[in-house]
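Single-letter residue listing:
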Amino acid sequence: MRAILLGGGIALLISLLGTRGVITLFTRWGYGQEIRDDGPTSHHTKRGTPTMGGVVIILAAVVAYFLAKLITMTTPSASALLLLFLFVGMGLVGFLDDFIKISKQRSLGLRSKAKMAGQTVIALVFGALALSPWLEDENGRTPASEKVSFLRELDWFVLPTILAILLIWLFVAGFSNAVNLTDGLDGLAAGASVMVFGAYMLVNIWQNNQFCQDEPSATCYNVRDPLDLAIIAAAITGACFGFLWWNASPAKIFMGDTGSLALGSALAGFAILTRTELLLVILGGLFVLETVSVMMQVGYFKLTKGKRIFRMAPIHHHFEMLGWEQVTVVIRFWIITGLCVATGLGIFYAEWVSRL
């Protein structure tokens, strides 16, 4: 538990202080955000605001995790290192996207095929390693499982290894892009991420308290390294909190694709490594809603040859176009996220109680 508190506290401090320094540095270097011409006109005033703030979130979380392990004199686990690989790897893909936007002075960075290729390589490597017998612990547990999971593994839903890796790729790509779509208003993605990562910290602490020892039971969780995953969840939560101080409206810095792709992939990584894949659909309900709104808009536009369901997608822009203030949209979407997290955690705990 001390390592969890250290991870969250150190990350919060690094992010809170580091973001201020990065704002000054990026402003001096001219690393400003380009704004879509077809977006809400109120966003044009944000042109030139420093971006790539996700660099601070990633560095704060990674440094905090390793400092917490160093202070408590414990060894990093395979699950934690895999999750950090996914987190940092997707952040690098996003960094390339942001850097091209800045250097070319345009609102589009990496071409869609190149971006998806980068996401695919990182996700497939993560999936293959997570299922590899090389990373089994002394009880034969690998970081991930071929079984599809909701609140725990579904014993009757076992996939061949290749299909399990493809499912992992789908989750990682889907949620990394979902958080990327949500990152369109000041503080929206960062605030929502705080709640969902905070939920996974609680899930991991609970799984550690009910950890399966040598003899699995109906109430224990067959998860590898839950305590170490809780440290990372606390570190990312603290890093997002510190960043949100500067990212809340009016934002002094944006996280960019560097932050949104990293955070989305980390959420998918937690779902996979904690055997709660389908639970993430509830906990991260806001991110799912944002993605579905884009899919509906694009699909309807193509089917009707030009008609739209929403005034603009993702759906947060629809409410902006209806005349809602940005702050109003963000706070109400945070409330939706809070309800999703409360529902997901309630279901998670109720399932455990029902097994007593």
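Here the structure is a predicted model, which means the values were calculated and not measured. (Residues numbered from 1 in each chain as written. Predicted model: local features only at pLDDT ≥ 70, side-chain atom pairs only at ≥ 80, totals over all residues. Heavy atoms only, no water.)

Draft legend 1. Fine view of the packing of aromatic side chains. Under the counting rule described, the total for this entry stands at 13 aromatic pairs. A network of ring pairs unites the aromatic residues Phe 197, Tyr 200 and Phe 270 as a single cluster. The ring of Trp 246 has Arg 20 sitting right over it, with the charged end atom 5.2 Å from the ring centre. Its guanidinium or amino end placed over the ring of Trp 324, Arg 332 lies 4.7 Å from that ring's centre, counting from NZ or CZ. (Phe/Tyr/Trp six-rings, centres within 6.5 Å; stacked < 30°, edge-to-face > 60°. Lys NZ or Arg CZ within 6 Å of the ring centre and 35° of its normal.)

Draft legend 2. Representation of the packing of helix 2 (residues 54–72) against helix 7 (residues 226–247) in the model. Between helix 2 and helix 7, the least distance of the axes is 8 Å, while the angle of their chain directions is 140°. Accordingly, the angle class assigned to the pair helix 2 and helix 7 is oblique. Where helix 2 crosses over helix 7, the handedness of that crossing is right-handed. When helix 2 is examined against helix 7, the residues Ile 57, Ala 60, Ala 61, Ala 64, Tyr 65, Ala 68 and Lys 69 are found in contact with a partner set consisting of Asp 228, Ile 231, Ile 232, Ala 235, Ile 236, Ala 239, Cys 240 and Phe 243. Taken together, the residues that form the contact of helix 2 with helix 7 break down as 13 nonpolar, no polar and two charged. (Axes fitted to C-alpha atoms, helices over the stretch in contact; angles between N-to-C directions. Helix = DSSP H or I, 4+ residues; strand = E, 2+ residues; numbered from the N terminus. Parallel < 35°, antiparallel > 145°, perpendicular 65-115°, else oblique. Left-handed = near helix turned anticlockwise from the far one by under 90°. Contact = heavy atoms within 4.5 Å. Nonpolar A, V, L, I, M, F, W, Y, C, P; charged D, E, K, R; others polar.)

Draft legend 3. Structural detail: the environment of Leu 129. Here Leu 129 shows up in helix 4 (residues 112–130). Those residues in contact with Leu 129, other than ones at most four positions away along the chain, are Leu 82 and Leu 135.

Draft legend 4. Fine view of the pattern of salt bridges. Inspection of every chain in the model, using the stated rule, returns eleven salt bridges. Asp 228 is the salt-bridge partner of Lys 69, the closest N and O atoms lying 2.7 Å from each other. Here Asp 228 lies in helix 7 and Lys 69 lies in helix 2, a separation of 159 residues in the sequence. Taken individually, Lys 69 and Asp 228 each receive the classification buried, so the pair is uniform in this respect. (Salt bridge = Lys/Arg side-chain N within 4 Å of Asp/Glu carboxyl O. Buried < 20%, exposed > 50% of the residue type's maximum accessible area, 1.4 Å probe, protein only.)

Draft legend 5. Quick look at the side chain of Ser 149. With respect to the helices and strands, Ser 149 occurs in strand 1 (residues 147–149). By relative accessible area, which is 1% here, Ser 149 ends up buried. Within the structure, the side chain of Ser 149 is placed 3.3 Å from the backbone nitrogen of Thr 276, a separation counted as a polar contact. (Polar contact = N/O pair within 3.5 Å; in protein donor to acceptor, adjacent residues only side chain to side chain.)

Draft legend 6. Inspection of the state of the cysteines at higher detail. Tallied over the entire structure, the rule returns one disulfide. At a sulfur-sulfur separation of 1.9 Å, the disulfide partner of Cys 212 is Cys 220. Handedness here is read from the sign of the S-S torsion; for Cys 212 and Cys 220, about 85°, the answer is right-handed. By relative accessible area, Cys 220 is classed as buried at 9%. This cysteine, Cys 240, is not joined by any disulfide, and Cys 340 carries the nearest cysteine sulfur, 17 Å off. By relative accessible area, which is 0% here, Cys 240 ends up buried. (Disulfide = S-S within 2.5 Å.)

Draft legend 7. Structural detail: the pairing of strand 2 (residues 153–158). When strand 1 meets strand 2, the two strands line up antiparallel, connected through two bridges. Within strand 2, the position partnered with Lys 147 by the bridge is Val 158. Counted between consecutive antiparallel strands, the loop separating strand 1 from strand 2 contains three residues. (Pairing = 2+ DSSP bridges.)

Draft legend 8. Molecular detail of the nonpolar core. Phe 87, Ile 236, Leu 263 and Phe 270 are the most contacted members of the largest nonpolar core, which totals 97 residues. Counting residues per element, this core draws most heavily on helix 7, which supplies 13 residues. Beyond its immediate stretch of four places on either side in the chain, Ile 236 contacts Ala 61, Phe 87, Phe 197, Leu 263, Ala 266 and Phe 270. (Core = buried A, V, L, I, M, F, W, Y, C linked by side-chain atoms within 4.5 Å.)

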